[in-house]
Amino acid sequence: MRSAQEGTARGVRPLSRRGFLLVGAGAAAGVAFGARPAAADVPGESNGGVRVMPLGDSLTDGFTPCPGGYRIGLWRRLAEAGYTVDFVGSLANGPAELGDHDHEGHSGWRIDQLDAQLDGWLAATSPRTVLLLIGTNDLNQNHDVANAPARLSALVDRIRALLPAAEIFVASVPPHDRSDAAGPRRRVQPGAARRARGQGRGGATWCGCTRR
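Trainee: Quick question: what am I supposed to make of the pairing of strand 2 (residues 50–56) here?
Mentor: Taken residue by residue, a regular strand's side chains alternate between the two faces of the sheet. Within strand 2, six of the seven residues are buried, which leaves the element mostly enclosed by the surrounding structure. One ladder, built from three bridges, connects strand 2 with strand 5 (residues 83–87); its direction is parallel. Opposite Arg51, over in strand 5, you have Asp86 as the bridge partner. Across five bridges, the pairing between strand 2 and strand 8 (residues 129–133) is parallel. The residue bridging Val52 from the neighbouring strand is Thr129, located in strand 8.

Trainee: Teacher, can you tell me more about helix 7 (residues 148–162) here?
Mentor: Side chains that are three or four residues apart share a direction in an α-helix, a result of its 3.6 residues per turn. If you check helix 7, its first and last C-alpha atoms are 21 Å apart, about what 15 residues at 1.5 Å a residue would give, namely 21 Å. Listed in full, the buried residues belonging to helix 7 are Ala148, Arg151, Leu152, Ser153, Leu155, Val156, Asp157, Ile159 and Arg160.

Trainee: Quick question: what am I supposed to make of the packing of helix 5 (residues 111–125) against helix 7 here?
Mentor: When two helices pack together, their arrangement is given by the angle between the helix axes and by the axis-to-axis distance. Interhelical geometry of helix 5 versus helix 7 gives an angle of 5° and a closest axis separation of 10 Å. Of the possible angle classes, the one that applies to helix 5 and helix 7 is roughly parallel. Of the residues in helix 7, those in contact with Ile111, Asp115, Leu118, Asp119 and Leu122 of helix 5 are Ala148, Arg151, Leu152, Ala154, Leu155, Arg158, Ile159 and Leu162. Of the residues that constitute the contact of helix 5 with helix 7, the class distribution is nine nonpolar, no polar and four charged.

Trainee: Help me understand the nonpolar core in this model?
Mentor: The tendency in soluble globular proteins is for nonpolar side chains to be buried side by side. Counting residues in each nonpolar core, the largest one holds 20 residues, and the members touching the most others are Leu55, Leu132, Ile134, Leu152, Leu155 and Ile159. Listing elements by their share of this core, those giving two or more residues are strand 2, helix 5, strand 8, helix 7 and strand 9 (167–171). When near neighbours in sequence (up to four residues on either side) are disregarded, Leu55 contacts Thr60, Glu104, Leu114, Leu118, Trp121, Val130, Leu131, Leu132, Leu133 and Ile159. Val52, Leu78, Leu131 and Ala171 belong to the second-largest nonpolar core, a separate cluster that totals 15 residues.

Trainee: Would you take a moment to explain unusual backbone geometry for this structure?
Mentor: Trans peptide bonds make up the majority, and among non-glycine residues the majority have a negative phi. Although it is not a glycine, Ser126 adopts a positive phi angle of roughly 45°. Its place among the elements puts Ser126 in the loop between helix 5 and strand 8. Judged by relative accessible area, which is 36%, Ser126 ranks as partly exposed. Residues other than glycine seldom take positive phi values, yet Asp144 does so here, at roughly 45°. A relative accessible area of 40% places Asp144 in the partly exposed class.

Procedures and definitions
Residues numbered from 1 in each chain as written. Predicted model: local features only at pLDDT ≥ 70, side-chain atom pairs only at ≥ 80, totals over all residues. Heavy atoms only, no water. Buried < 20%, exposed > 50% of the residue type's maximum accessible area, 1.4 Å probe, protein only. Helix = DSSP H or I, 4+ residues; strand = E, 2+ residues; numbered from the N terminus. Pairing = 2+ DSSP bridges. Expected span 1.5 Å × (residues − 1). Axes fitted to C-alpha atoms, helices over the stretch in contact; angles between N-to-C directions. Parallel < 35°, antiparallel > 145°, perpendicular 65-115°, else oblique. Contact = heavy atoms within 4.5 Å. Nonpolar A, V, L, I, M, F, W, Y, C, P; charged D, E, K, R; others polar. Core = buried A, V, L, I, M, F, W, Y, C linked by side-chain atoms within 4.5 Å.

Right under this line is the structure:
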């Protein structure tokens, strides 16, 4: 991985909120999985950039045959735009083309399961930006779906309380197919983003995921 000093010498810019929103929302909207060879896990990687925690389920973790998930495309877009970021988390996986393998994506997990472990993860990594993509398994497991928006709002509130200066990007649950575009998956997250917006410094930004 490129060092922070090398990045500075080559004119790499620090990550701004607007810059991250543009590349982050673009990557989230283009979630897609293709077959890529996996690389050995290398936890604790850092290039000294802005600490970003990809937080969620298998869409963040990635799964066979594509460990790395949306993080691969996001990393590529950030690098192409000249931004320096440090992905953080207790887990690590992904192909060689993913420059930083750290993340907090737990395959099969629901909103409540993330909430139960959140304090320790945030304390260990102190991210400046949190990318939250969660809720798919609440729906797939039919786990108290009616209250999923409230659980997500509470999760965002806790992130805000623990990291008052952080930026939070809340992604929608991607539809299974185009017929699901206006279904319950699209209703899980907007309320959470609206509720957290404007609380303290930073805030929550809503990013819609679509199916290609």
